Amino acid sequence: KDASHRVGFAARAAASAIAFDSDSFPAEITKVASEAAVGAGSKKPASQQIAAKFAALAAATKAARMKKSFTEIGNEVRAASEAAGLKNAISLLQDDVAGAMAQHYAYQDLGAQEVGSAVLAILTAAGVAPDEASQ
């Protein structure tokens, strides 16, 4: 349990740090998160999943703060998660991404329905089937 926490914190910190470099791109965020996970003691495929999760979250948060469109945010999420080398990474990550984006947009004075629509649009652009995303 301690090791998984250590790995998660390392990957999240690394992904967040590089995401705030305005020139960073999704695959680069994933690479750094993956290196941090491995450095903290993780092995594949766990390191891939951890890297995909925190890179996707960092890329989404960065894109949302830059006021990019929902489609652009979804594309960045997809790119970050695919860079980890996992098949269907976004389907594993959709709950995390949905939670982070719902929280972000809830603080932007949007109504509940608008927040839900934003999350659905982002997940759809990221590659989650609309019927899967709305469950």
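The rules behind each value
Residues numbered from 1 in each chain as written. Predicted model: local features only at pLDDT ≥ 70, side-chain atom pairs only at ≥ 80, totals over all residues. Heavy atoms only, no water. Salt bridge = Lys/Arg side-chain N within 4 Å of Asp/Glu carboxyl O. Buried < 20%, exposed > 50% of the residue type's maximum accessible area, 1.4 Å probe, protein only. Helix = DSSP H or I, 4+ residues; strand = E, 2+ residues; numbered from the N terminus. Lys, Arg positive; Asp, Glu negative; His and termini not counted. Contact = heavy atoms within 4.5 Å. Axes fitted to C-alpha atoms, helices over the stretch in contact; angles between N-to-C directions. Parallel < 35°, antiparallel > 145°, perpendicular 65-115°, else oblique. Left-handed = near helix turned anticlockwise from the far one by under 90°. Nonpolar A, V, L, I, M, F, W, Y, C, P; charged D, E, K, R; others polar. Phe/Tyr/Trp six-rings, centres within 6.5 Å; stacked < 30°, edge-to-face > 60°.

**Considering the pattern of salt bridges**
Any two side chains of opposite charge can pair, given that their charged atoms come close.
Phase 1: Following the criterion strictly, the structure yields 3 salt bridges and no others.
Phase 2: Lysine 68 is the partner of glutamate 76 in a salt bridge, and the nearest nitrogen-oxygen pair spans 3.2 Å.
Phase 3: Of the residues examined, lysine 68 reaches a relative accessible area of 26% and is grouped as partly exposed.

**Considering the side chain of lysine 62**
Phase 1: Mapped onto the elements, lysine 62 comes out in helix H3 (residues 46–65).
Phase 2: In this structure, lysine 62 is buried with no salt-bridge partner, the nearest side chain bearing the opposite charge being glutamate 76 at 5.9 Å.
Phase 3: Excluding anything up to four places from it in sequence, lysine 62 contacts Ala19, Asp21, Ser22, Asp23 and Ser24.

**Remarks on the packing of helix H2 (residues 26–39) against H3**
Phase 1: Orientation of H2 relative to H3, taken along the N-to-C sense of each, is 135 degrees, at an axis distance of 8 Å. What the angle tells us is that H2 and H3 run oblique. Every pair of crossing elements has a handedness; the one defined by H2 and H3 is right-handed. Facing H2, whose interface residues are Ile29, Thr30, Ala33, Ser34, Ala37 and Val38, H3 presents Ser47, Ile50, Ala51, Ala55, Ala58 and Ala59.
Phase 2: Its residues placed into classes, the contact of H2 with H3 shows 9 nonpolar, 3 polar and no charged.

**Things to note about the side chain of glutamate 76**
Phase 1: Considering the arrangement of structural elements, one finds glutamate 76 in helix H4 (residues 70–82).
Phase 2: The class for glutamate 76 is buried, based on a relative accessible area of 17%.
Phase 3: Those residues within four positions of glutamate 76 in sequence are excluded, and the remaining contacts are Pro26, Ala59, Ala63 and Lys68.

**Here we look at the packing of aromatic side chains**
Phase 1: On inspection of all chains with the given rule, the structure shows 1 aromatic pair.
Phase 2: Considering the side-chain rings of phenylalanine 70 and tyrosine 105, the 5.3 Å spacing of their centres and the 90 degrees angle between planes classify their relative orientation as edge-to-face. With phenylalanine 70 in helix H4 and tyrosine 105 in helix H5 (residues 89–106), the pair connects residues that are 35 residues apart, well separated along the chain.
Phase 3: Note on phenylalanine 70: relative accessible area 32%, which makes it partly exposed.

By themselves, these observations are geometric and do not establish any function.
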